[in-house]
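Here is how the chains run, residue by residue.
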Amino acid sequence: MRELSMLIKPASASCGMRCRYCFYADVSANRKTASFGRMSEETLSLLLLRAAESGASRLSVSFQGGEPTLAGLDFFTHFVKEAASRLPGVAISYSIQTGGIGLDEAWAAFFKAHGFLVGLSVDGWQENHDFLRPDATGRGTYRRVRQAEARLRAAGVSYNILTVVTKQVADKADKLFREIVKNNWSFVQLIPCLAPLYGEEPQTYTLRPERYGAFLCEMFSLYVKALESDHPVSIRFFDNLLLLLQQRPAEQCGIQGRCSPQFVVEADGGVYPCDFYVLDEWRCGNVNDDTFDTLWHHPAMRRFLTDCAPDPRCHDCPYLSFCGGACKRFRPLYLQTEGYCPYRHLLKTIAETGLDRN
């Protein structure tokens, strides 16, 4: 393989926050081992050996959790040093998604020195963020996260903001966009709050399709106005839609209904095809025992990658060739209401404005 993408969970499901909608808490609660602790140096070394064996000339390494920084700065320092030693000539890009409450100047300096792109989770405005993203003691985390952002900015670290779109956020699209502009958040990812894979749906936070569709249309209108101004804002989902409208390839996974292997590596070395499906039934092997070629051909991986056919309810949609049925994990939200899909609503709105022909 010429390019290899790894999403690593060095601290497994461990986290110092207790976000009310945490999808990974839901995932980890539905497998035999909820958390695998901290990745060992032996597993780290074998992981990099497997990367070298793959023959990839480009390697994308993303760290997530739980909270990946709980593995410690020493772990990350060792990782980049070992990667440079074991993978000479390989172009390596690093990113990390973090809740941010543990980031100090030392972390910021490390990220800058090694070219990390940092994803920082901020749920819009303070009242909303503190309610949805408390720490383990129940205290709000907004001020600490914004202080971490200031450290990243002062150190010159590239970062973006990730906001989970709950029912509460979807009701206030204009307020969210004002926060984005006010705080100079130039790069933003919006992630819909999904119902758990199993168990009772948390109606308090989970989106309804109609509300999410209205939110997407309102946010897209504000996004376009910003593009036409002197202060554009990059919102990843919308950026990718524009790429597709220009008949250019999208970079966001699943946006056209096709899956690509993320090679999600849990702390014990276990490998899974997608961050949404780090479940026992989708475990493809372990880097302590298996090469990436073996993992690629594992039945669970092949089944996951080939089982992307659109839902039968999508077959008469005029936009099916464009979206391909969308990300399979989002489909339960998109198709929850008979005869309505928020993705279709957005694409129809874009078509009616004529933007798809520009």
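See the structure printed just above.
Residues numbered from 1 in each chain as written. Predicted model: local features only at pLDDT ≥ 70, side-chain atom pairs only at ≥ 80, totals over all residues. Heavy atoms only, no water.

Turning next to helix α12 (residues 299-306). Since one α-helical turn is 3.6 residues long, residues separated by three or four positions face the same way. Buried within α12 are the following residues: Ala 300, Met 301, Phe 304 and Leu 305. In an axial view of α12, the angular spread of the buried residues amounts to 125°, which keeps them on one side of the axis. Turned more than 90 degrees away from the buried face of α12 sit Pro 299 and Thr 306, all of them exposed. Contacts from the buried residues of α12 go to α11 (292-296). (Buried < 20%, exposed > 50% of the residue type's maximum accessible area, 1.4 Å probe, protein only. Helix = DSSP H or I, 4+ residues; strand = E, 2+ residues; numbered from the N terminus. Arc of directions from axis to C-beta. Contact = heavy atoms within 4.5 Å.)

Before going further, it helps to examine the pattern of salt bridges. Following the criterion strictly, the structure yields 17 salt bridges and no others. The salt bridge partner of Glu 53 is Arg 50, with a shortest N-O separation of 3.2 Å. A residue pair is termed a helical-turn pair when its members lie 3 or 4 positions apart in one helix, as Glu 53 and Arg 50 do in helix α2 (residues 41-53) at three residues. Residue Glu 53 is classed as partly exposed on the basis of its relative accessible area of 44%. (Salt bridge = Lys/Arg side-chain N within 4 Å of Asp/Glu carboxyl O.)

For the rest of this paragraph, the subject is the nonpolar core. Grouped together as the largest cluster of nonpolar side chains are 111 residues, with contacts concentrated most on Phe 79 and Phe 215. The leading source of residues in this core is helix α9 (residues 209-227), at nine residues. Not counting the four nearest positions on each side in its chain, Phe 79 is found in contact with Ile 8, Leu 44, Leu 47, Leu 48, Val 61, Phe 63 and Tyr 94. With eight residues, the next largest nonpolar core counts Tyr 21, Leu 132, Val 164 and Tyr 205 among its residues. (Core = buried A, V, L, I, M, F, W, Y, C linked by side-chain atoms within 4.5 Å.)

Here we take up the packing of α9 against helix α15 (residues 342-353). Two quantities define a packed helix pair, namely the angle between the helix axes and the distance between the axes. Contact geometry of α9 with α15 gives a least axis separation of 8 Å together with a crossing angle of 30°. Looking at the two axes, α9 sits roughly parallel to α15. The interaxial crossing formed by α9 with α15 has right-handed handedness. Contact with α9, carried on its side by Pro 209, Tyr 212, Gly 213, Ala 214, Leu 216, Cys 217 and Phe 220, involves Pro 342, His 345, Leu 346, Thr 349 and Ile 350 of α15 and no other residues of that element. A class-by-class count of the residues in the contact of α9 with α15 yields nine nonpolar, three polar and no charged. (Axes fitted to C-alpha atoms, helices over the stretch in contact; angles between N-to-C directions. Parallel < 35°, antiparallel > 145°, perpendicular 65-115°, else oblique. Left-handed = near helix turned anticlockwise from the far one by under 90°. Nonpolar A, V, L, I, M, F, W, Y, C, P; charged D, E, K, R; others polar.)

Moving on, we get to α9. In this model α9 runs 26 Å from its N-terminal to its C-terminal C-alpha over 19 residues, within 8% of the 27 Å that 1.5 Å per residue would give. Of the positions making up α9, those classed as buried are Pro 209, Tyr 212, Gly 213, Phe 215, Leu 216, Cys 217, Met 219, Phe 220, Tyr 223, Val 224 and Ala 226. (Expected span 1.5 Å × (residues − 1).)

With their axes 10 Å apart at the nearest point, α2 and helix α3 (residues 73-86) run at an angle of 30° to one another. By the angle between their directions, the pair α2 and α3 is classed as roughly parallel. Seen along the crossing, α2 lies across α3 with a hand that is right-handed. For the pair α2 and α3, contact is made by Glu 41, Leu 44, Ser 45, Leu 47, Leu 48, Leu 49 and Ala 52 and by Phe 75, His 78, Phe 79, Glu 82, Ala 83 and Arg 86, respectively. Of the residues belonging to the contact of α2 with α3, the class tally is eight nonpolar, two polar and three charged.

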